[in-house]
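One-letter residues, chain by chain:
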Amino acid sequence: MPFRLLHYSDPHFGAYDPRIAREAAELANKLEPDLTVVSGDFSMRGRRSEFVLAKQWLEKLPEPRLAFPGNHDVPGLNQINDRFFSPFRRFRKFISEVEEPSAKLGDIGSLSTANSSTPFGLHLDWSRGFLNPVQLHAINTFFSDLPEDQLRVFGMHHPVIGAGERAKALVSPMPLVQALFAHARIDLLLAGHLHQSKICLFPESVSNESKPARCTVVSQAPSICSTRLKGEPNGFHLISLLPDEIELELWRWQSDKFLPQTTKTFGRTENGWKPV
Ligand SMILES: [Fe+2]
Ligand SMILES: [Fe+2]
């Protein structure tokens, strides 16, 4: 039996559709996943009222469930004290006491997460992701301690590389992040942020055939119920995990309900994963 993981992202309470949020919670319970993950951006501007709504919604999702923050879960620049001195206080109070939770995925593998959002940094675009050396080391250690045959699933809000015209590194420092994915032998990344569904491999193309890079499957989930859409409807991914196979099903909001659309399957190889 596969381990079934429900991947929701970017609900954005404060800019959300209440009907779609309600349907998403009801459907999650009908689907009976083994684990539900919400990959950040619970709020719009980090306001208390938004987190109250997010908490009420999150508590309707089936257990076990796991959440980590996104860049919109940090208070805005009009709340400068909170933004710089306790940026994730409300996230910890309303959503999850632990910013970087981990979980066992039955007997098939383990999930580790990182908070890739930061309220400040050297770059001007604060919406971008960042992993510091302590986080990189902790993730590497977590996965290094796992037995060889265990699946390694990693969650962070930012999906490593943007798509299309936004095909740039979304997480810094990219060389270290890339090395982490290879050394920690991460099998699957759960991310969101762009409000667009993308199911792909990272790195996407291997140019040097003599020294192939190790490929990770990326589940970049669309927004589950936000009204801030990027050219596609709300949706989510339902993921089935087997030791040698990862299947990802995209569900989309159509008229008045979520419906399954497309499925992509990846098989394990010596160098990570490839489409089946
Ligand atoms: Fe978002
Ligand atoms: Fe985001």
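For the structure, see preceding data.
The paragraphs below set out a description of the structure included in this document. (Residues numbered from 1 in each chain as written. Chains lettered and ligands numbered in written order. Predicted model: local features only at pLDDT ≥ 70, side-chain atom pairs only at ≥ 80, totals over all residues.)

Points about the sheet that holds strand β14 (residues 257-269)
Here comes step 1: Sheet architecture is open: seven strands sit in the order β3-β2-β1-β12-β13-β14-β15, paired in mixed fashion. Either end of the sheet is taken by a strand with one partner, and the two such strands are β3 (65-67) and β15 (272-275). Put simply, the sheet's adjacent strands are angled 25° from each other on average, direction ignored. (Pairing = 2+ DSSP bridges. Helix = DSSP H or I, 4+ residues; strand = E, 2+ residues; numbered from the N terminus. Axes fitted to C-alpha atoms, helices over the stretch in contact; angles between N-to-C directions.)

Some details on unusual backbone geometry
Here comes step 1: Here the residue pair Glu 63 and Pro 64 is connected by a cis peptide bond, since its omega of -5° sits within 30 degrees of zero.
Here comes step 2: Within the secondary structure, Pro 64 sits in the loop between α2 (48-58) and β3.
Here comes step 3: In the segment running from Phe 202 into Pro 203, the intervening peptide bond is cis, with an omega of -5°.
Here comes step 4: Looking at the element boundaries, Pro 203 is found in the loop between β10 (198-202) and β11 (216-220).

Re the nonpolar core
Here comes step 1: Val 160, Leu 189, Phe 202, Val 218 and Ile 246 are the most contacted members of the largest nonpolar core, which has 66 residues in total.
Here comes step 2: The element contributing the most residues to this core is strand β13 (residues 245-254), with five residues.
Here comes step 3: Other than its neighbours up to four places away in sequence, Phe 202 contacts Val 160, Ile 161, Phe 181, Leu 189, Cys 215, Thr 216 and Val 218. (Core = buried A, V, L, I, M, F, W, Y, C linked by C-beta atoms within 7 Å. Buried ≥ 20, exposed ≤ 12 C-beta atoms within 10 Å, placed from the backbone. Contact = placed C-beta atoms within 7 Å.)

Considerations on the sheet that holds strand β4 (residues 103-105)
Two pairing modes exist for strands in a sheet, parallel and antiparallel, and in both the strands are linked by backbone hydrogen bonds.
Here comes step 1: Ordered in space as β4-β5-β7-β9-β11-β10, the six strands form an open sheet in which the pairing is mixed. For this open sheet the edge positions go to β4 and β10, each flanked by a neighbour on one side alone. Averaged over neighbouring strand pairs, the angle between their axes works out to 25° when direction is ignored.

Observations concerning the pairing of β11
Here comes step 1: Most of β11 sits out of view: five of its five residues are buried.
Here comes step 2: Burial of β11 is two-sided: the residues Thr 216, Val 218 and Gln 220 facing one way and the residues Val 217 and Ser 219 facing the other way are all buried.
Here comes step 3: Here strand β9 (residues 188-191) pairs with β11 via four bridges, running parallel. Considered in β11, the bridge of Leu 189 is made with Val 218.

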